[in-house]
Amino acid sequence: MKRRSFMTTLVAAPAAAPALFAQQAAPASPPAPPQQPLGAPGRGPGSAAQDIKLDVVSPDNVAEPEARFFTAAQFAALRKLSDLLMPPMRGNPGALDAAAPEFLDFLVGVSPADRQTLYRNGLDGLNTRARKQFAKNFADLDAAQCDAIIRPLLVPVPWTHEPPKDPLQHFMTAAHDDIRTATRNSREWNTSGGRRGGGQLFWNPVDPIYKG
Amino acid sequence: MTKKEYDVLIVGSGHSGGMAAKILTSHGISCIMLNAGPEADMQRDRTQKPVYDLPYRGFGKPGRLTHVFQANEFNANQWVDETEVPYTYDPQGPYNWVRVRLLGGRSLFWSRQSFRLSDFEFNAAEIDGSGTSWPIRLADLAPFYSRVEEIFRVSGRKEGWPQFPDGNFIEPRYPADSQTLKKVTELCNARGFGVSKMRTSQGVGGLASSINLLLPDALATGKLEIVQNAIVREVSVDKSTGLVNGAHFVDRHSKRAMHVKAKVVVLAAGSLESTRLLLNSGLANSSGVMGHYLHDQIYGVNVTASVSEARDGKAAATPGLMGGQAFLPRFRNLNKSDKRNFIKGYCMMISSGGGASANMFAEYGEELQKKLDYYAGSCVSATIYGERVPRFENHVRINKSVTDAWGIPALHVEAHDSDNEHNQAKDAADTAEELFHAAGWDLISKTDKFYPPGYSIHEVGTCRMGDNPKTSVLNKFNQSHDIKNLFVVDGAAFVTCGWQNPTMTISALSMRASEYLAEQMKKGEV
């Protein structure tokens, strides 16, 4: 309510609004003009609220994503797996360039428990097999060693709604698909190699239930 | 202040409700339409966005809309929120109930495939040797199909086949068949399978919805008023007459309770919502079959083969080799000499010119990409829609322990497939494989799996029509056997679903029922 009154005041009576901006000066002082909106050069004083459109940037342009869900060993295995399954190819960025592991750390972290368990057990399973076969964590293996671990886990899945019954094969199927999707849907992928970023029609919430 | 009593209350605004409004108002009948959700503004409510700007990078919020396989992060807000309108089911028998409550309902988003049911569906009991037939035949509905097809501007190629009735089509525009499609056609014809083309509602401006084809005409008469965000809780009854006299509803935002009065109530909320409303109202179920015979179609099966002449980049360099689609209407169990381990049938869609998908292979990285590049553009694939058998035990009932966000008891759904569905799918997958093998193409992937019940978004039954009030809820004009001023004009009335998209049949039945109702009201019979 207070905000709406403020906005209405700004639009209808600019002379009165500066009471919120002006210094505490003698009441007779003329009011200061409304400030220029940032990032909108050329918009003169008194722009109506509905005409103001400020430039903002995506957090992915300015910040590093933080991995917080997986343990250090699990996340290292996920990074290694991502680079194996979706390396840079054909001039396209790979999973690491697209920060796919970091994104999946976030996505799995907010997923239902069964998905979280699938991933945790899957990544632990890779590390367990790596230590058993090569006395190293999965992230520390070379390409041939990694291939020996993951090749038996990759199977064709003709009906994706019925994943393999073996838990590690199930994990590998899910992770392979997720890593490919997270990479191909990234900003890096969609703005590289002459691509223009594209877009589709996104449905905003329609008349969401009033919570006032 | 007493508000007026309308002639007809229509609950729901999709194709069936929209058609009822259009027909009834054309007869000068005053209608009030209640729709559970809001009207969407296509300009305001949709924004062009790149996938990487979505919060979940296109994956969608995890755990949201788990039963709507058609949902993605771009369209997530068009579907009913399952936390607001929950339903329950046996964990061993998952059900995908896919709903849209925006004004226009699912008519805003349907695939526009447009077919008539045939007498193989209407007269199912005689054809299958079991089950129940409709109380009507194709001849009863044909005049209404023709009028509906004119409104929807259906394009199609006439074939003259009894299992694939021709319609009132606008001239189709199909490209010439590619060599692979000609090969498919040749092989199918040799096996007695008819090969045709998709039949599609062109609509107007790319939209074939209630909101552009039906409701504007009704509103233009001045006889229709529409209330959005009106969630109907219960149909009300005049206790002295036993006739319905309106409905209690609540406002979607404030939950303010209101009542609207009408001389006739027409339910068009979608099969399961109409049935849910009647069950919650405790009405019109002297037969005991309300809620039962829930069924829809099996969607699934996928057989993909590769054409060697088109591999390794040759597809693009060989114009006319690949591309296009063939449509095979039902070709099984069309005559008694066709002995199968399943009844009913399926249609098959064969597409040429696509590629393989990553899940079909066990490779990864550069090796996988090489395979995908190798097969790109060289694939022919087949998938089906098949008819599920309506069974009494597949049903919905009220779950009083679960309510929606407005306190209305939720629906519990019990639906399980039987051997008939699995045998049908296996037959389809084997048939497609045999066809592709006969064509000399190399099989890449094959599955006879299909999606859970409900996935097709063609759920029908639960208030089936029939001549016998002991075994049906509605008569052949969608009128309740028990309450003469109560009609159900959506897919709940179906007796069998066929393999066909039900929209043309739903619209034709609603038109026919509304014409009948208008006539009955003029005579003072209702």
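Please read these numbers as outputs of a predicted model, since none were measured by experiment.

Conventions adopted
Residues numbered from 1 in each chain as written. Chains lettered and ligands numbered in written order. Predicted model: local features only at pLDDT ≥ 70, side-chain atom pairs only at ≥ 80, totals over all residues. Pairing = 2+ DSSP bridges. Helix = DSSP H or I, 4+ residues; strand = E, 2+ residues; numbered from the N terminus. Axes fitted to C-alpha atoms, helices over the stretch in contact; angles between N-to-C directions. Contact = placed C-beta atoms within 7 Å. Core = buried A, V, L, I, M, F, W, Y, C linked by C-beta atoms within 7 Å. Buried ≥ 20, exposed ≤ 12 C-beta atoms within 10 Å, placed from the backbone. pLDDT = per-residue confidence, 0-100. Nonpolar A, V, L, I, M, F, W, Y, C, P; charged D, E, K, R; others polar. Expected span 1.5 Å × (residues − 1). Arc of directions from axis to C-beta. Parallel < 35°, antiparallel > 145°, perpendicular 65-115°, else oblique.

1. A short note on the sheet that holds strand 13 (residues 346-354) of chain B
All names here are of chain B. As summarised here, the arrangement of the five strands in space is 12-13-14-11-17, forming an open sheet in which the pairing is antiparallel. Among the strands making up the open sheet, the edge pair consists of strand 12 (325-328) and strand 17 (442-450). On average, each strand axis in the sheet is inclined to that of its neighbour by 15 degrees, with strand direction left out of account. Pairing analysis gives eight bridges linking strand 13 to strand 14 (residues 379-387), with the strands arranged antiparallel. From the neighbouring strand, Ile-350 faces strand 14, where its bridge partner is Ala-382. Along the sheet, helix 5 (residues 179-190) makes contact with strand 12, strand 13 and strand 14, crossing strand 12 at roughly 20 degrees.

2. Thoughts on the nonpolar core
All names here are of chain B. Counting residues in hydrophobic clusters, the biggest one holds 101 residues, and the most contacted among them are Leu-9 and Val-266. The leading source of residues in this core is helix 12 (residues 503-523), at eight residues. Residue contacts for Val-266: discarding those within four places in its chain leaves Val-8, Leu-9, Ile-10, Ala-20, Phe-487 and Val-489.

3. Section: the confidence of the model for chain B
Confidence along chain B averages 97 in pLDDT terms, with 100% of residues attaining 70 or more. Across the assembled chains, the prediction reports ipTM 0.94 with pTM 0.92.

4. What to know about the pairing of strand 8 (residues 230-237) of chain B
All names here are of chain B. Relative to strand 9 (residues 244-251), strand 8 runs antiparallel, the two being bridged by seven bridges. Looking at strand 9, one finds that Val-235 is bridged to Ala-247. Linking strand 8 back to strand 9 in an antiparallel pair, the connection comprises six residues, with Gly-242 at a positive phi of about 80 degrees.

5. Some thoughts on the interface of chain A and chain B
In this assembly, 43 residues from chain A lie in contact with 39 residues from chain B. Among the elements of the structure, helix 3 (72-85), helix 4 (100-109), helix 7 (167-184), helix 8 (187-190) and strand 1 (200-203) of chain A are those that each provide at least two residues to the side of chain A that touches chain B. Here the element with the most residues in the side of chain A that touches chain B is helix 7 of chain A; it accounts for five residues. A per-class count over the side of chain A that touches chain B returns 22 nonpolar, 14 polar and seven charged. Looking at chain direction, strand 1 of chain A and strand 3 (residues 46-49) of chain B are connected through four bridges and run antiparallel. Across the sheet, residue A:Trp203 finds its bridge partner in strand 3 of chain B, namely B:Arg46.

6. Structural notes on helix 5 of chain B
Residue and element names in this part refer to chain B. Over its twelve residues, helix 5 extends 17 Å from the first C-alpha to the last, a length consistent with the 16 Å expected when each residue adds 1.5 Å. Taken as a whole, helix 5 has its buried residues at Thr-180, Leu-181, Lys-183 and Val-184. An end-on view of helix 5 places all buried positions within 155 degrees of arc, on one side of the element. Structural note: helix 5 exposes Glu-186, Asn-189 and Ala-190 on the side pointing more than 90 degrees away from its buried face. Turning to helix 5, the residues buried within the fold contact strand 12, strand 13, strand 14 and helix 11 (419-438). Gly-192, located one to two residues past helix 5, shows a positive phi value of around 80 degrees.

7. Here's the deal with the packing of helix 3 of chain A against helix 5 (residues 113-134) of chain A
Residue and element names in this part refer to chain A. The contact between helix 3 and helix 5 brings their axes to 9 Å, and the two run at 80 degrees. One way to sum up the angle between helix 3 and helix 5 is to call them roughly perpendicular. Between helix 3 and helix 5, the contacting residues are Ala-73, Gln-74, Ala-77, Leu-78 and Leu-81 on the first element and Arg-120, Leu-123, Asp-124, Leu-126 and Asn-127 on the second. Each residue belonging to the contact of helix 3 with helix 5 can be placed in one class, and the counts come to six nonpolar, two polar and two charged.

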